[in-house]
Amino acid sequence: MTDPTTFRIDTGADSATCGAGQRILDALLRQGMWIPNSCNQGTCGTCKVRVIDGMVDAPPAPDTVLSEAERQQGYVLSCQSTPLTDVAVETQADESGAHHHVLRDVAGTVSSITTVADDTVSVTVSLDEPFEFIAGQYVELSIPGTDQTRPYSMANPPSEADTLEFHIRRQPDGLATDRWIFDTLAVGASLSMTGPWGDFCHRQDEPGVGLILLAGGTGLAPLKAIARAALEIDPDREVHLYHGVRTEAELYDVDFWRSLSAEHPNVRYTPCLSRQEWCGRTCYVGDAMMDDFDSCRDHAAYLCGPPAMVEAGVRALKRRRMAPRRIKREKYTPAATLVAP
Ligand code: FES
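Structural notes, computed from the coordinates. Not measured: the values here are computed from a predicted model. (Residues numbered from 1 in each chain as written. Predicted model: local features only at pLDDT ≥ 70, side-chain atom pairs only at ≥ 80, totals over all residues. Heavy atoms only, no water.)

1. Observations concerning the packing of helix α6 (residues 285–292) against helix α7 (residues 307–319)
And step 1. At a closest axis distance of 8 Å, the pairing of α6 and α7 adopts a crossing angle of 15 degrees. By the angle between their directions, the pair α6 and α7 is classed as roughly parallel. α6 and α7 meet at a crossing whose hand is right-handed. Where α6 abuts α7, its residues Val-285, Gly-286, Met-289 and Met-290 lie against Met-309, Ala-316, Leu-317 and Arg-319.
And step 2. For the contact of α6 with α7, the per-class residue count stands at 6 nonpolar, 1 polar and 1 charged. (Axes fitted to C-alpha atoms, helices over the stretch in contact; angles between N-to-C directions. Helix = DSSP H or I, 4+ residues; strand = E, 2+ residues; numbered from the N terminus. Parallel < 35°, antiparallel > 145°, perpendicular 65-115°, else oblique. Left-handed = near helix turned anticlockwise from the far one by under 90°. Contact = heavy atoms within 4.5 Å. Nonpolar A, V, L, I, M, F, W, Y, C, P; charged D, E, K, R; others polar.)

As structure tokens, then:
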């Protein structure tokens, strides 16, 4: 007899079970059926699937995320939609080139909270058990006493399987930051989270290709993980890290990047301030990169930060002839670290 609280999701190649009220994306990823995804909040469209049989509860999506034509064809956002019956769906091909890990719940204990810059802390968490992810991905932290979560990217490489490092900037009135992390969170606190999420992943199928990393604010976190993961594989890898913030008081991890440059002959670290003259570069990260490179044709890039910074950085890389397929990006928004492809 069929369990009325469980539905079947058939993707053609495989099938998964999905609890009543469980989102399609969550069900697929928890059962090892990876499909492209990014924000998990209904804002990027990466996770769209086409429902070819059965019924789903799919909340309205903005036209910018799901077009009228796509809706007519049966597309829904799998991160927002729940099955009402058994369903058959057509998924997007995963072109990330990555070996993805199963989504799961993880628990840990805060082992340090360090103020690293104005309104910015680095939080490390000791996990109860090892956790597999790809450098660049994120977890969703559960906010105690609420049903809310917030996404934070890991700043450490996956080789440190028992620890996670997060860079967190205070958001005025932010439920997660102002009212929890910057208020009551203390060393020894228990944390629960779900992950890994997202397609912003270190690609290991481009060995030897020089990396250009453009970070804005705490968008530095996943790029630190990617740089460290790349250098673990090849200590001589060319890595150019540009970190943009507004003022010197917002700059952090300077000693870490200087040490990394000293240890690795091909690592270049360029901090950039956009609103303060100082002894270093005063400009946006994309402009600094364009000053340094006549051509980026032979490099690959990862960008993470506020949307305007990421979009300007992508334009700069294309002007320096980088192929679009070699540009990976993730956009943070102030309120909830939303991400987009
Ligand atoms: S809209 Fe579903 S992952 Fe972004």
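2. Brief notes about the nonpolar core
And step 1. Among the nonpolar cores identified, the biggest contains 31 residues, and Leu-211, Leu-213, Leu-223, Ile-226, Trp-257 and Tyr-302 are the most heavily contacted of them.
And step 2. Elements supplying a minimum of two residues to this core: β14 (210–216), α4 (220–233), β15 (239–245), α5 (254–263), β16 (267–273) and β18 (299–305).
And step 3. Ignoring anything within four residues of it in the chain, the contact list for Leu-211 reads Ile-226, Ala-230, Arg-237, Glu-238, Val-239, His-240, His-299, Ala-300 and Tyr-302.
And step 4. Ranked by size, the runner-up nonpolar core spans 26 residues in total, among them Ile-9, Trp-34, Leu-77 and Val-89. (Core = buried A, V, L, I, M, F, W, Y, C linked by side-chain atoms within 4.5 Å. Buried < 20%, exposed > 50% of the residue type's maximum accessible area, 1.4 Å probe, protein only.)

3. So, the sheet that holds strand β2 (residues 15–19)
And step 1. Read across the open sheet, the 5 strands follow the order β2-β1-β7-β3-β5; overall the sheet is mixed. The outermost strands of the open sheet, each flanked by one partner alone, are β2 and β5 (75–77). Across the sheet, the axes of successive neighbouring strands diverge by a mean angle of 40 degrees, strand direction being ignored.
And step 2. Here strand β3 (residues 48–53) runs beside β5; their pairing, made up of 3 bridges, is antiparallel. Counted as the bridge partner of Lys-48 is Leu-77 from β5. (Pairing = 2+ DSSP bridges.)

4. Points about the environment of Glu-165
And step 1. For Glu-165, the position within the fold is in strand β12 (residues 163–169).
And step 2. Glu-165 sits 31 residues away from Pro-196 along the chain, and the two C-alpha atoms are 14 Å apart.
And step 3. Filtering out sequence-adjacent residues up to four positions away, Glu-165 remains in contact with Ser-122, Val-123, Thr-124, Ser-153, Met-154, Ala-155, Asn-156, Lys-224 and Asp-253.
And step 4. A distance of 2.8 Å separates a polar atom in the side chain of Glu-165 from a polar atom in the side chain of His-167.
And step 5. At 2.8 Å, the side chain of Glu-165 forms a polar contact with the side chain of Lys-224. (Polar contact = N/O pair within 3.5 Å; in protein donor to acceptor, adjacent residues only side chain to side chain.)

5. Some remarks on the packing of α4 against α5
And step 1. For the pair α4 and α5, the least separation of the axes is 13 Å and the interaxial angle reads 20 degrees. Considering their axes alone, α4 and α5 lie roughly parallel with respect to each other. Classified by chirality, the crossing of α5 by α4 is left-handed. Contacts between α4 and α5 involve Leu-220, Leu-223, Lys-224, Ala-227, Arg-228 and Leu-231 from the first element and Phe-256, Trp-257 and Leu-260 from the second.

6. Focus on the pairing of strand β13 (residues 190–197)
And step 1. With 6 of 8 residues buried, β13 is to be regarded as a mostly interior element.
And step 2. With 3 bridges connecting them, strand β10 (residues 138–142) and β13 associate as antiparallel partners. Across the sheet, residue Leu-141 finds its bridge partner in β13, namely Met-193.

7. What to know about the sheet that holds β14
And step 1. With respect to topology, 6 strands assemble into an open sheet ordered β17-β16-β15-β14-β18-β19, the strand pairing being parallel. Each edge of the sheet is formed by a strand with only one pairing partner; in this case those strands are β17 (281–282) and β19 (327–331).
And step 2. For β14 and β15, the ladder comprises 6 bridges, and the chain directions are parallel. Paired with Ile-212 across the two strands is His-240, which belongs to β15.
And step 3. Sheet strands in contact with α5 are β15 and β16, and its direction is about 150 degrees off that of β16.
And step 4. Against the sheet, α6 touches β14, β15, β16 and β17, its axis set at about 145 degrees to β15.

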